[in-house]
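# Structural overview for review
Here is what each chain is made of, one letter per residue.
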Amino acid sequence: MSITKTVVVHSIKQEAKDVISLDLRPCNEDSLPSFNAGAHIDLHLSNGMIRSYSLANSPKEHNRYLIGVLRDPSSRGGSLHVHDTVREGDTLEIGLPRNNFPLVEDAPHTVFVVGGIGVTPLLSMMHRLRQLERSFEVMYFCRSRESAAFLDKIRQFQVKTHLHFDDEAKGPPDLKRLLGECAGGPSNHYYACGPAPMLDAFVEVCRDLGYANAHIERFAAVKSDAPDLAEQQTYKVDLLRSGQTLTVDAGRKLIDVLVEAKVDIGFSCKEGVCGACEVEVLEGTPDHRDSIYSPDEHAANRTMMVCVSGCKSPRLVLNL
Ligand code: FES
């Protein structure tokens, strides 16, 4: 079961067209649990949904969490619920900060590639690098100027910033040219967050340019061509701490078997993007389906996201 905390919505601000920020403060204490740049929290919404939002403020602020929420009619309803029902003075249940998108703090130079609402975790990283007096620059891509959230905050850093608005430029940015022209090339660290097509292009361009220090965070699951998990064969799952042995029959999903057995585990997105259900793998070969880790991290098989993943071996041993 995941630990939650109650916070109060101190203020809500319109940051751009269809984007609001929520400034969340502690209810009774002076401070909130600390976080590292790139972290996110889960909002437990009154309609039962749990949705993850990146923290956008400086990690040195201990009295608030700032999140940005895009009103997205094509999403599963979490963002609409926040926009339509959450008001200043409301209390909200939140999960504690988790970080699947850590910042390398001693990079010689850092380049942030912002795609729309993907600005939020990157903004927190910019605050941190400014605090550390490390150099960085920003490429900010958005559909239009009026949709670009937190631009005023980025301007305050007074760093090299390349702005691109699709409607004004009549098309998407030339990512290959822009990244290829970065002084420092492969020695920089590159961070991107935004819509899936932008992230796919970023990964491809960084690979072509030989930029190994490329980091992304996805807000939505990657579509996989791999066969459906339900088509896999039967396997056993041994749970080290509870001593249970479960059978995942062919045609069933691990998450369903764990929930049915009332295994104490936290879930949030159930899409393999938030990291809430990460479990240590002690034996066996998971069939990784999350959108968080790189191929190398998957190959290491140290942990798995049990909400979406399955198993390639006849047996799995999990630290549960
Ligand atoms: S619940 Fe979000 S990754 Fe599994």
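Residues numbered from 1 in each chain as written. Predicted model: local features only at pLDDT ≥ 70, side-chain atom pairs only at ≥ 80, totals over all residues.

## Section: the overall build of the protein
The test is simple: By the criteria applied, helices consist of DSSP H or I runs no shorter than four residues and strands consist of E runs no shorter than two, each listed in order from the N terminus. Values of the radius of gyration come from C-alpha atoms, whereas the globule rule sets the reference at 2.2 Å times the count of residues to the power 0.38. Buried means a residue has 20 or more other C-beta atoms within 10 Å of its own C-beta, exposed means 12 or fewer, and partly exposed covers the counts in between; C-beta atoms are placed from the backbone. For every residue pair, C-beta atoms are placed from the backbone, and the pair is scored as a contact if these atoms sit within 7 Å.
For the protein, the count of helices and strands is eight helices and 18 strands. Here the C-alpha atoms of the protein give a radius of gyration of 20 Å, agreeing with the 20 Å that 2.2 N^0.38 yields for 320 residues. Out of the 320 residues in the protein, the part that is buried amounts to 38%. Taking contacts inside the protein between residues at least 6 apart in sequence as the whole, the part at least 24 apart equals 66%.

## Digging into helix α6 (residues 196-209)
Where we set the bar: Helix span, as expected, comes to 1.5 Å for every residue beyond the first.
Between its first and last C-alpha atoms α6 spans 20 Å; for 14 residues at 1.5 Å apiece the expected length is 20 Å, and the two agree. Lining the buried residues of α6 we find β7 (110-115), β8 (136-142), α5 (175-180), β10 (189-193) and β11 (214-217). One or two steps after α6, the chain reaches G210, where phi turns positive at roughly 75°.

## Observations regarding the nonpolar core
Stated precisely, the cut-off is as follows: Here, a nonpolar core denotes buried Ala, Val, Leu, Ile, Met, Phe, Trp, Tyr and Cys residues that are linked to one another through C-beta atoms within 7 Å. Here the bounds of each domain stem from an automatic or database domain assignment.
Core analysis: the biggest nonpolar cluster contains 57 residues, and F112, V113, V114, L122, A192 and F202 have the highest contact counts within it. When residues of this core are sorted by domain, at least three fall in each of domain 1 (4-95) and domain 2 (110-217). Once you skip the residues sitting within four places of it in the chain, V113 turns out to touch M139, Y190, Y191, A192 and F202. Core analysis: the second largest hydrophobic core is formed by 25 residues, F219, C274, C277 and C311 among them.

## Observations concerning the sheet that holds strand β2 (residues 19-26)
For clarity, the cut-off: In this description, strands pair whenever DSSP reports at least two bridges between them. Comment: axis = line fitted to C-alpha atoms, over the contacting stretch for helices; angle = value between 0 and 180 degrees taken between N-to-C directions.
If you walk across this open sheet you meet the six strands as β4-β3-β6-β1-β2-β5, and the pairing is antiparallel. Either end of the sheet is taken by a strand with one partner, and the two such strands are β4 (50-54) and β5 (65-70). The average undirected angle you get between the axes of adjacent strands in this sheet is 40°. Relative to strand β6 (residues 91-95), strand β1 (residues 4-16) runs antiparallel, the two sharing five bridges. Paired with T4 across the bridge in β6 is G95. Here helix α1 (residues 78-85) sits on the sheet in contact with β2, β4 and β5, set at roughly 110° to β5.

## Here we look at the domain arrangement of the protein
Where we set the bar: Polar here means any residue other than Ala, Val, Leu, Ile, Met, Phe, Trp, Tyr, Cys and Pro, which are nonpolar, and Asp, Glu, Lys and Arg, which are charged; Gly is therefore polar.
Considered domain by domain, the protein is made up of domain 1 (4-95), domain 2 (110-217) and domain 3 (229-318). When each unit is reduced to the centre of its C-alpha atoms, the spacing between domain 1 and domain 3 is 29 Å. Facing four residues of domain 1, the contacting portion of domain 3 comprises four residues. Among the residues making up the side of domain 1 that touches domain 3, the classes are represented as one nonpolar, two polar and one charged.

## Some details on the sheet that holds strand β14 (residues 278-283)
A sheet is described by the order of its strands in space; here five strands give the open sequence β13-β12-β18-β14-β16, paired in mixed fashion. The outermost strands of the open sheet, each flanked by one partner alone, are β13 (245-248) and β16 (303-305). Across the sheet, the mean angle from the axis of one strand to that of its neighbour is 35°, orientation sign disregarded. As defined by bridge partners, strand β12 (residues 235-239) adjoins β13 across four bridges and the pair is classed as antiparallel. Bridge assignment links V237 to a residue of β13, and that residue is L246.

## Regarding the pairing of strand β9 (residues 161-165)
Across a regular strand the side chains alternate sides, sitting on one face of the sheet and then on the other. Two strands pair when backbone bridges link them, and β8 and β9 are joined in this way by five bridges, in the parallel orientation. Its bridge partner being in β9, V138 is matched across the sheet by T161.

## Notes on unusual backbone geometry
Excluding glycine, most residues fall at negative phi; most peptide bonds, likewise, are trans. The phi torsion at Q158 lies on the positive side, around 55°, for a residue other than glycine. Among the secondary structure elements, Q158 is positioned in the loop between α3 (151-157) and β9. Even without being a glycine, K262 presents a positive backbone phi close to 55°. Note on placement: K262 falls in the loop between α7 (254-260) and β14.

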